[in-house]
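# Geometric and topological summary
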Amino acid sequence: MRPIANTRSTAGIPTGRLAVWWVVASEIVIFGGLLASYVMQRLAHPEWTSQTAVTNVWIGGFNTFVLLTSSLSAVLAHQAAEHGDGKKAAKLLYYTCGGALTFICVKAYEWTHEISEGYTLSSNTFWSFYYTAAGIHALHVIAGGIIMLFVAADAKKNLELHRVELIGIYWHFVDIVWIFLFPLLYIAK
Amino acid sequence: MAEHAATAHEHPNYVKVWGILLVLLCISIAGPFLGIKVVTLITAFGIAIVKAYMVAKNFMHLNIERVYVIYLIMTMLVFVLLFFAGTSPDVMKWEGDNWVKPKVEQASSHAAAHHAE
Amino acid sequence: MAEKIAGAQEHRHDEHAHHVETFWSKYVFSTDHKMIAMQYMFTGMFMALIGGFFAYTFNMQMAFPGEPVPLWGGIVTPPQYNALITNHGAIMIFWVAMPVLIAAFGNFLIPLMIGCDDMVFPKINRLSYQIFFLSVLVLLSSFLVQKGGFGGAWTVYPPLSAKHEYSLTPMGSSLFVVAVALEFVAFLLGGINFVTTAMNSRAPGMKLYDIPMVVWMIVIASILFMASVGPLIAGAIMLFMDQNLGTHFYDPKAGGDPILWQHLFWFFGHPEVYVVLLPAIGITADVMCVFARKKLFAYRTVLYTVFATGVLSFTVWAHHQFIAGIDPRMAHVFTITTLLISIPIAEMMFVFIATLYGGDISLTTPMLWALSFIAEFLIGGVTGIFLGASGADIYFHDTYFVLAHFHYTFFPIAIIGVYAGVTFWYPKMFGKMMNDTLGKIHFWGTIIPFNCIFIPLFWLGLAGQHRRIYDFRNFPELAQYQPVRVFAASMLVTMLLFQLLFIFNFFWSLWRGKEAGPNPWKSNTLEWTTESPPGHGNWKTLPTVYRGPYEYNVPGRKDDYWPQNVPN
């Protein structure tokens, strides 16, 4: 007897997608709270400029490019899944995972460099926020990448194709968080 | 099933959207090099808002999603702004000199006068 | 009508047909919402014993300072006292009120009341309990580590909570923060299940206004929780880092701000009290309608009022910080919003009274609890108005007036509301009736001492008695009120002893209670249309709904109730 609960759609939207939107909604407040706290503190401390000048806009910009491109492959994967092409969807999801991996590697290189210069988590409150905000974001990138691997594995066998869209929505959200983190930490410093 | 039909012929050209996003990215990086603070702020955050909107609309398909999802997202954003509005008077201006405390000032000027004697 | 999920060709097959249930799969690793509800309920009740024991211990210290406390094993030292009051507060809110009111009742009732076989994500449901259970273990372990549990108040303000040289509990502080963070994650996961299930898996024919009020309330509470906890999760991560990784988010000497924590905490902390209030109101509403045999007065108005209350609850938070040094101009704003929020709550009280008016009232044990909820919460509510006015709060803040106020709100929520719900749904959960006489004795034995404890505390607060003080003999102007404290402690012991009656009744009825049958209270809602307790999958044939949940004493009908699933 298959469970009935998750096959109904009284609200007119498939249950999985509804749930992902609620997850995104609660994450908005988490990141929003963190970033709002950062903005308030940054505005209260103009003297942090000497610290913020250190962040490298080219590395940040490259990472933004990586995430935007991975969002493209994610939405193309969704399109493929809609047309029932599980193999293509899986391939595009693997590209997205590749983007996630690239992002993390670039970030690792960036942080290693900054830490070796002495800009550590506790050296200045700006860096505390920098590593915390980008770090929590990076954790979401890693989590998203791992889930994406599972979804891709199923999609390759044409199973659970609706999940391609769902992990895509989560991934686009992670991308949007970075779209705001990038100017905050790298441009309008 | 309605979303199927809608996405089948309404979806934008995803690659074109991506191209526009990259152009916006370049502009936002170039912004600070002009040196004008207001321009930097607009290119940094204004463009961020535009990019987020484009990703939300085109990649997350918010334009064809049930409208209450959009209400949900907007409500959460409003709560974040509300948090910022309620907290910033205390955190952003932490020196505590936003208001005048006449009795305290009188007392301290008396004390200073006494000390001077 | 079941809609196919768009784009899905095939699913992996989860065959439920012939699974053999072991002890572990049935009781420990179950994905059945009813079993998960029981897990939450029993865990919450166990934590209530611990939280109640802590209250007993620190009250004994206050009433008989310096004396050894029976059952504690010696005297209560100041650090222990601080840890007791801190953890009493945290446990009662996070590990009793929330798991029982939201997780236990939500898990048990939502699928049953909307006519569905389980939650939409049973495995995530199980995961949420597992994370919750982990948070319980982490919290309990904080009492056993070197230097003991955290003692800096449930509000965890830095720098006291952030610096070990101030808190004197290096491990306890961090474990406390981790426990709370895990609890938040558990309830975020659970909340998504509740909201999505209630939105999407209703029985055919159940429109939004046919949903029983308690389901609405738990769903709205989950939404409020999801929307408010975000900044605090960020803040808790920052606090943990301050405690352990040398950051200075909240350290003013190094560019941080302790007031930031206060705002992060209370931005969540205030909606949180509505998160626990709403399910209690929902339980009261449903119980009252059954035992007044009358429909809920102004169902839609109540609903809209609750939406308004929910939104307003996000605009009042800094009334907890009136004298913390916030901008006085913001204090104006928060005074106005705080006073405004009393209006929708008062309106709900009026709705309850209007529901009772003209009803065919039977004073069963659940009904007694529901009625007392209104009376006691009323006292809590009106005393909140004194505190919401920032001018008066300059005097009242941190006195026992605040303490009495929030016990007059929290006790109805976490104790009275829970007892109303448990005594009402016990027959459905366990298939047996609880003993009504014992229930009534337990009721009076709880309510009368409760008022005896806390009414004098309003007066003590007016006299200037401050909160979180170890020994009032050190304050000459307050030492004279020691007889009041002794009286309060003796009433607390009385009240705690009466709870033994409930525990006895609960377990004795499991074995020797009268068989309940499917619908002993002759209620309309869907959970009463299946057997008690419901079997796996809840119904053999899922019900269809034809009307709202409160059609009692409808003119022209033979019975005084009209179940939702009956076609005519």
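Residues numbered from 1 in each chain as written. Chains lettered and ligands numbered in written order. Predicted model: local features only at pLDDT ≥ 70, side-chain atom pairs only at ≥ 80, totals over all residues. Heavy atoms only, no water.

## A short note on the overall build of chain B
Quick note on the threshold: The helix and strand labels rest on DSSP assignments: H or I over at least four residues marks a helix, E over at least two residues marks a strand, and numbering proceeds from the N terminus. We call a residue buried when its accessible area falls under 20% of the maximum for its residue type, exposed when it is over 50%, and partly exposed in between, using a 1.4 Å probe and counting protein chains only. Whether two residues touch is decided by their heavy atoms; if any such pair falls within 4.5 Å, the residues are in contact.
From N to C terminus, chain B includes 5 helices and 0 strands. Element order for chain B, N to C, with α for helix and β for strand: α-α-α-α-α. Classification of the 117 residues of chain B by burial places 38% in the buried group. Counting only contacts in chain B whose residues sit at least 6 apart along the sequence, the fraction spanning at least 24 positions is 60%.

## A look at the overall build of chain C
As a reminder of what qualifies: The Shrake-Rupley method, run with a 1.4 Å probe sphere, supplies the accessible areas, and residue values consider only the shown protein chains as cover. Just so you know, the count uses Lys and Arg for positive and Asp and Glu for negative, and it drops His and the chain ends. Lysine's charge is taken at NZ, arginine's at CZ, aspartate's at CG and glutamate's at CD.
Within chain C, the secondary structure is distributed over 16 helices and 0 strands. On the principal axes, the C-alpha backbone points of chain C span a range of 70 × 55 × 50 Å. Here chain C holds 568 residues, and 61% of them are scored as buried. Within the structure as shown, chain C displays about 21300 Å² of accessible surface, and the carbon and sulfur contribution to it stands at 69%. Here chain C contributes 30 positively and 32 negatively charged side chains, and the mean placements of these two sets differ by 6 Å.

## Brief notes about the interface of chain C and chain A
Our working rule: In short, buried area is how much 1.4 Å probe accessible area vanishes from two parts on joining, totalled over both. Any Lys or Arg side-chain nitrogen located within 4 Å of an Asp or Glu carboxyl oxygen qualifies as a salt bridge. Here a polar contact means two N or O atoms within 3.5 Å. Within protein one must be a hydrogen donor candidate and the other an acceptor candidate, and residues neighboring in sequence count only if both atoms are side-chain atoms.
Listed by partner, the interface residues are 53 residues for chain C and 45 residues for chain A. Both faces considered, chain C and chain A share a buried interface measuring about 4200 Å² in area, 63% of it formed by carbon and sulfur atoms. Across the contact surface, chain C and chain A share 0 salt bridges. Remark: the boundary between chain C and chain A carries 3 residue pairs in polar contact (both at pLDDT 80 or more). Those elements giving two or more residues to the side of chain C that touches chain A turn out to be α6 (170-200), α7 (213-244) and α8 (258-292) of chain C.

## So, the pattern of salt bridges
Tallied over the full model, the rule gives 13 salt bridges over all chains. A salt bridge links Arg468 of chain C to Asp398 of chain C; its shortest N-O distance comes to 3.9 Å. With Arg468 of chain C in the loop between α14 (436-462) and α15 (476-479) and Asp398 of chain C in the loop between α12 (390-396) and α13 (400-430), this pair connects stretches of sequence that are 70 residues apart. One salt bridge connects Asp436 of chain C with Lys440 of chain C, and the closest N-O pair in it is separated by 2.6 Å. Of this pair, Asp436 of chain C and Lys440 of chain C both sit in helix α14, 4 residues apart, roughly one helical turn. Salt bridges sharing common partners tie together Arg17 and Glu165 of chain A together with Glu65 of chain B.

## Let's talk about the side chain of Asp210 of chain C
Residue and element names in this part refer to chain C. Inspection of the secondary structure puts Asp210 in the loop between α6 and α7. By relative accessible area, which is 8% here, Asp210 ends up buried. Apart from residues no more than four positions distant in its own chain, Asp210 is found in contact with Gly205, Tyr299, Val545, Arg547, Gly548, Pro549 and Gln564.

## Considerations on the nonpolar core
Formally: Buried Ala, Val, Leu, Ile, Met, Phe, Trp, Tyr and Cys residues that are joined via side-chain atoms within 4.5 Å together make up what is termed a nonpolar core.
Counting 288 residues, the largest nonpolar core has Phe94, Trp95, Phe105, Met213 and Trp425 of chain C as the members making the most contacts within it. Apart from the residues within four sequence positions on either side, Phe105 of chain C is in contact with Val100, Ile110, Ile218, Ile283, Val418, Gly421, Val422, Trp425 and Met429 of chain C.

## A closer look at the packing of α8 of chain C against α13 of chain C
Residues and elements named next belong to chain C. Here is the rule we go by: For helices, the fitted line uses only the C-alpha atoms of the stretch in contact; every axis is such a line through C-alpha atoms, and the angle between N-to-C directions lies from 0 to 180 degrees. By the definition adopted for this analysis, an angle is roughly parallel if under 35 degrees, roughly antiparallel if over 145, roughly perpendicular if from 65 to 115, and oblique otherwise. Take the far helix as your reference; a near helix turned counterclockwise from it by less than a right angle gives a left-handed crossing, and one turned clockwise gives a right-handed crossing. Classes in brief: Ala, Val, Leu, Ile, Met, Phe, Trp, Tyr, Cys and Pro nonpolar; Asp, Glu, Lys and Arg charged; the others, Gly included, polar.
Contact geometry for α8 and α13: axes closest at 9 Å, N-to-C directions at 40°. In terms of their interaxial angle, α8 and α13 are classed as oblique. Handedness of the crossing formed by α8 with α13: left-handed. Contacts between α8 and α13 pair Val273, Val276, Leu277, Ala280, Ile283, Val287, Val290 and Phe291 from the former with Phe410, Ile413, Gly417, Ala420, Gly421, Phe424 and Trp425 from the latter. Along the lines of polarity and charge, the residues of the contact of α8 with α13 split into 13 nonpolar, 2 polar and no charged.

## Focus on the confidence of the model for chain C
What counts here: The predictor attaches a confidence to each residue, called pLDDT, with possible values from 0 through 100.
On average, residues of chain C carry a pLDDT of 92, and 97% of them reach 70 or more. Confidence metrics for the complex model read pTM 0.92 and ipTM 0.92.

## Observations regarding unusual backbone geometry
All names here are of chain C. Along the chain, Pro158 connects to Pro159 via a cis peptide bond; the corresponding omega equals -5°. Here Pro159 is to be found in the loop between α4 (122-142) and α5 (164-167). Phi at Leu71 takes a positive value of approximately 75°, unusual for a residue other than glycine. Its identity is not glycine, yet Asn538 carries a phi of approximately 70°, on the positive side.

## Considering α4 of chain C
Heads up, the condition is: Here, expected helix span is obtained from the residue count minus one, scaled by 1.5 Å.
The first and last C-alpha atoms of α4 of chain C sit 31 Å apart over 21 residues, in line with the 30 Å expected at 1.5 Å per residue. Buried residues belonging to α4 of chain C abut α2 (33-63), α3 (78-113) and α6 of chain C.

## So, the packing of aromatic side chains
In this description, an aromatic ring pair is defined by two values, namely the gap between the centres and the angle between the planes. Residues and elements named next belong to chain C. The cut-off we apply is this: Two aromatic rings from Phe, Tyr or Trp, using only the six-membered ring of Trp, form a pair when their centres are within 6.5 Å; if the ring planes differ by under 30 degrees the pair is stacked, by over 60 it is edge-to-face, and anything between is tilted. By definition here, charges over rings are those cases where NZ of Lys or CZ of Arg is within 6 Å of the ring centre and within 35 degrees of the ring normal.
On inspection of all chains with the given rule, the structure shows 88 aromatic pairs over all chains. Plain terms: the ring middles of Trp154 and Phe265 are 5.2 Å apart, the flat faces sit at 75° to each other, and that makes the pair edge-to-face. Here Trp154, found in the loop between α4 and α5, pairs with Phe265, found in helix α8; they are 111 residues apart in sequence, far enough to count as distant. Judged by relative accessible area, which is 3%, Phe265 ranks as buried. Geometrically, the ring pair formed by Trp216 and Phe307 is edge-to-face, given 5.9 Å between the ring centres and 75° between the ring planes. Of this pair, Trp216 sits in helix α7 while Phe307 sits in helix α9 (residues 299-312), and the two are 91 residues apart along the sequence. By relative accessible area, which is 13% here, Trp216 ends up buried. Taking the ring centre of Trp562 as reference, the NZ or CZ of Arg547 above it sits at 3.9 Å.

## Things to note about the packing of helix α1 (residues 15-44) of chain A against helix α5 (residues 125-156) of chain A
All names here are of chain A. It is at 10 Å that the axes of α1 and α5 come closest, and there the two elements cross at 165°. By the criterion of interaxial angle, the relationship of α1 to α5 is roughly antiparallel. Regarding α1 and α5, the two cross each other, and that crossing is left-handed. Counting all contacts with α1, which are made through Glu27, Phe31, Leu34, Leu35, Ser37, Tyr38 and Gln41, the residues of α5 involved are Phe126, Phe129, Ala133, Ile136, His137 and His140.

## Observations regarding the environment of Leu139 of chain A
Residue and element names in this part refer to chain A. Within the secondary structure, Leu139 is located in helix α5. With a relative accessible area of 56%, Leu139 lands in the exposed category. For the pair Leu139 and Ile104, spaced 35 residues apart in sequence, the C-alpha separation works out to 9.4 Å.

## Some details on the confidence of the model for chain B
Overall, the prediction assigns chain B a mean pLDDT of 80, with 77% of residues at 70 or greater. Contacts for the low-pLDDT stretch residues 1-9 of chain B, under 50 throughout, to residues beyond four places or in other chains number 12 contacts.

## Section: a nonpolar patch on the surface
Residue and element names in this part refer to chain C. Filter applied, for reference: Patch members must show over 30% relative accessible area and no salt bridge, and they are joined within 9 Å when carrying like charges or within 5 Å when they are nonpolar side chains of Val, Leu, Ile, Met, Phe, Trp or Tyr.
Taken together, the side chains of Phe42, Phe46, Leu49, Leu497, Leu500, Ile503, Phe507 and Trp511 make up a nonpolar region of the molecular surface, amounting to roughly 830 Å² of accessible area. Those elements that place two or more of their residues in the nonpolar patch are α2 and α16 (482-512). If one sorts the elements of the nonpolar patch by residue count, α16 sits on top with 5 residues. In this structure Leu49 comes out as exposed when scored by relative accessible area, which is 51%.

## Description of the state of the cysteines
All names here are of chain A. Filter applied, for reference: Cysteine sulfur atoms are paired as a disulfide whenever they fall within 2.5 Å.
Counting across every chain of the model gives 0 disulfides over all chains. Not engaged in a disulfide, the cysteine Cys97 finds its nearest cysteine sulfur in Cys105; these two sulfurs lie 13 Å apart. Of the residues examined, Cys97 reaches a relative accessible area of 12% and is grouped as buried.

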